[in-house]
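# Structural features, examined
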Amino acid sequence: MKCKKTDSAVIGYLFKTLSPDASDRMEKHLTSCDECSTRLNRFKHTQKLLNEITCPEPPDTLARDVLNSIAAQPENRQKAAPDIPLPDYIEALCKTAGSEQMRVYHFLTKHLGVKKGEAAFDEYLQEQMQLQFTTETGAIISYENLINSATGERSVHKIEGQTKCSTVENCSFPALAEEIGLGTNPCETICRRQIMLMEKTHSVEIKCLKHRTHEKGGCEFLIKPKNGHS
Amino acid sequence: MKQQTYNDEQLMTMVKLTGDHAAFEQLVNRHQKPLFGYLCRFTGDRYAAADLFQETCMRIYQARTTFNQEFPFSSWTYRIATNACLDMRKKKSYALEKATDDEIINRHGSAHDTPEDVLLTEIKAQRVQELLNELTEKFRAVLLLKHYEDLSIKDIAAVLNIPEGTVKSRLHKGIKQLTVLAEKRSFNDEM
């Protein structure tokens, strides 16, 4: 007697693409149907044949060659780091800047969907790009340069010797800042608005907390008045 | 200090946002083995696979701003790799690689194998690869992604941008065609 089960059902069973119920039914059916068992064995043989194909290891230089050709393209070339030492606190900020952006991006696209989230992220970036930080020498470094520093471009030579700081007074993303922990992250609150004012009168010591107590990463700022200031 | 590790999607987001070469390097190193394996099996030619690997990585980097973090990075990679294979196929056909005996022994031999064992294994592998190459690319892609990469039907549908029902249908037709081809060449009796 010819079995009514199709090849597709047998193949689905073999490749585990059936629902759990259908798979159980097929398993029971196979114990009593010689025709389906024979079909299953045919396809199993073929599946075994596929295991005969072995692949060579990738050539040792494959990944390196690929990365070199990408880096060699003019539009992908990153600027070489100039030999200008960064102040310690800027270095510490650089280490967290990239991951901060990423958290914001993930948060926005997760909650607003990709399209709206990316638009909001652009807005957020625009806001950040306006931010500027004062260095120990009194020079101004823009957030954009800070991020470039964090991502390897280190275009610190663009620091301009301005004397006046500009900052964003009103954060557009208070809920965001709170949810992702930036609201309580000194890296956010201090770096953005206060450090540039404080550093002239206070000493600022930065500790990276990424791998100790601060789950979301970031920096701890130990701020003490400098001599002559209270 | 222990270095922080990011998952693929986080790394690709860094690449998307900043063009970060170091993050991209991590991704390439993580994925080069499975991706190269997929391309080797798809083409049956490791030299073509190396070219396609390069092409795939280039395309990923160039398309970085379109990366959607809700789509797994590996699925996105397989999609780009499959498209690269199909595009190359349009330009030129990749031939099954014919390696010399020495190359085969160096590539597959282990300390316990005699040169004859190694050659026999390679000949079998080459014959199965020939069978695989007889399938149309749409069947081959589904079969490779399911059998070797162990992707779910849903993930394969996302990679190839086709409905799940079509994935199942191609998988079934592909394995049936391969079975018929193998039986015609008395493969199943030998192994």
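Remember, it's a predicted structure, so these values are computed and weren't measured experimentally.

Along the backbone of chain B there are 10 helices and 0 strands. Overall, chain B shows an N-to-C arrangement of helices and strands of α-α-α-α-α-α-α-α-α-α. Looking at the 191 residues of chain B, the share that counts as buried comes to 41%. Counting contacts in chain B only where the partners sit at least 6 residues apart, residues at least 24 apart contribute 63% of the total.

All names here are of chain A. Running from N to C, helix α1 (residues 7–14) and helix α3 (residues 34–50) point in directions that differ by 55°, and their axes come no closer than 10 Å. When the interaxial angle is binned, α1 and α3 end up oblique. Judged by the sense of rotation from one axis to the other, the crossing of α1 with α3 is right-handed. Facing α1, whose interface residues are Asp7, Val10, Ile11 and Leu14, α3 presents Cys36, Arg39, Leu40, Phe43, Lys44 and Gln47. Of the residues assigned to the contact of α1 with α3, the class counts are 6 nonpolar, 1 polar and 3 charged.

Next up on the list: the interface of chain A and chain B. In this complex, chain A contributes 43 residues to the contact, which on the side of chain B involves 51 residues. Where the side of chain A that touches chain B is concerned, the elements lending two or more residues are α1, α3, α4 (62–72) and α5 (88–112) of chain A. For the side of chain A that touches chain B, the residue count by class is 20 nonpolar, 17 polar and 6 charged.

Residue and element names in this part refer to chain A. Averaged over all residues, the pLDDT of chain A equals 61, while 41% of them reach at least 70. Across chain A, the element-wise mean pLDDT spans from 38 in helix α9 (residues 186–198) up to 91 in helix α2 (residues 20–32). Counting contacts from residues 79–86, a segment whose pLDDT is below 50, to residues more than four positions away or on other chains yields 11 contacts. In this model, residues 149–224 is a region of pLDDT below 50 whose contacts with residues beyond four sequence positions or in other chains number 130 contacts.

Here we come to the packing of helix α7 (residues 137–147) of chain B against helix α8 (residues 153–160) of chain B. Residues and elements named next belong to chain B. Following both chains from N to C, one finds α7 and α8 inclined at 135°, their axes separated by 10 Å at the closest point. Taken together, the axis directions place α7 and α8 in an arrangement best described as oblique. At the point where α7 passes α8, the crossing takes the right-handed sense. Along its contact with α7, which presents Ala141, Val142, Leu145 and Lys146, the element α8 presents Ile156, Val159 and Leu160. A breakdown of the residues in the contact of α7 with α8 according to their chemical character gives 6 nonpolar, no polar and 1 charged.

What follows is about unusual backbone geometry. With phi around 55°, lysine 16 of chain A is a residue other than glycine that occupies positive phi space. Assignment of secondary structure puts lysine 16 of chain A in the loop between α1 and α2. A residue is classified by how many C-beta atoms lie within 10 Å of it, and lysine 16 of chain A, with 12 of them, is exposed. One non-glycine residue, aspartate 150 of chain B, lies in the positive phi region at around 55°. Turning to its location among the elements, aspartate 150 of chain B is positioned in the loop between α7 and α8. Since 9 C-beta atoms lie within 10 Å of it, aspartate 150 of chain B is described here as exposed.

Moving on to α1 of chain A. Helical geometry: 3.6 residues make up each α-helical turn, so side chains three or four residues apart lie on a common side. With respect to burial, α1 of chain A is a largely interior element, 6 of its 8 residues being buried. Taken residue by residue, α1 of chain A has Ala9, Val10, Ile11, Gly12, Tyr13 and Leu14 of chain A as its buried positions. Those residues of α1 of chain A hidden inside the fold are in contact with α2 and α3 of chain A together with α9 (164–184) of chain B. In the stretch just after α1 of chain A, lysine 16 of chain A is the one whose phi turns positive, near 55°.

Generally speaking, a soluble globular protein has its nonpolar side chains buried in company with each other. Core analysis: the biggest nonpolar cluster contains 69 residues, and Leu39, Phe53 and Ala81 of chain B have the highest contact counts within it. No other element matches the 10 residues that helix α2 (residues 21–43) of chain B contributes to this core. Mapping this core onto the domain boundaries places at least three of its residues in each of domain 1 (7–50) and domain 2 (85–225) of chain A. Discounting chain neighbours no more than four positions away, the residues touching phenylalanine 53 of chain B are Leu62 and Val66 of chain A together with Leu35, Phe36 and Leu39 of chain B.

For chain B, per-residue confidence averages 82 on the pLDDT scale, and residues scoring 70 or more make up 81% of the total. Reported for the predicted complex are a pTM of 0.63 and an ipTM of 0.77.

Basis of the calculations
Each chain carries its own residue numbering, running from 1 in the written order of its sequence. Chains carry letters from A onward and ligands carry numbers from 1 onward, assigned in written order. Reporting in this predicted model follows two pLDDT cut-offs: at least 70 for local features of residues, and 80 or more for side-chain atom pairs to be given and counted; totals over whole chains, interfaces and linings ignore these cut-offs and use all residues. Strands are runs of DSSP state E lasting at least two residues, helices are runs of H or I lasting at least four, and both sets are numbered from the N terminus onward. Counting other C-beta atoms within 10 Å of a residue's C-beta gives its exposure: the residue is buried at 20 or more, exposed at 12 or fewer, and partly exposed in between, where C-beta atoms are placed from the backbone. Here, residue contact means that the backbone-derived C-beta atoms of the two residues sit within 7 Å. Fitted lines through C-alpha atoms serve as axes, helices being fitted only where they are in contact, and the angles separating the N-to-C directions of these axes extend from 0 to 180 degrees. Orientation categories follow fixed angle ranges, with anything under 35 degrees roughly parallel, anything over 145 roughly antiparallel, 65 to 115 roughly perpendicular, and all other angles oblique. Left-handed describes a crossing whose near helix is turned anticlockwise from the far helix by less than a right angle; the clockwise case is right-handed. Classification used: nonpolar for Ala, Val, Leu, Ile, Met, Phe, Trp, Tyr, Cys and Pro, charged for Asp, Glu, Lys and Arg, polar for all others including Gly. pLDDT measures the predictor's confidence residue by residue and takes values from 0 up to 100. Here a nonpolar core is just a set of buried residues of the types Ala, Val, Leu, Ile, Met, Phe, Trp, Tyr and Cys, joined wherever their C-beta atoms sit within 7 Å. Reported domain spans reflect what an automatic or database domain assignment gives.

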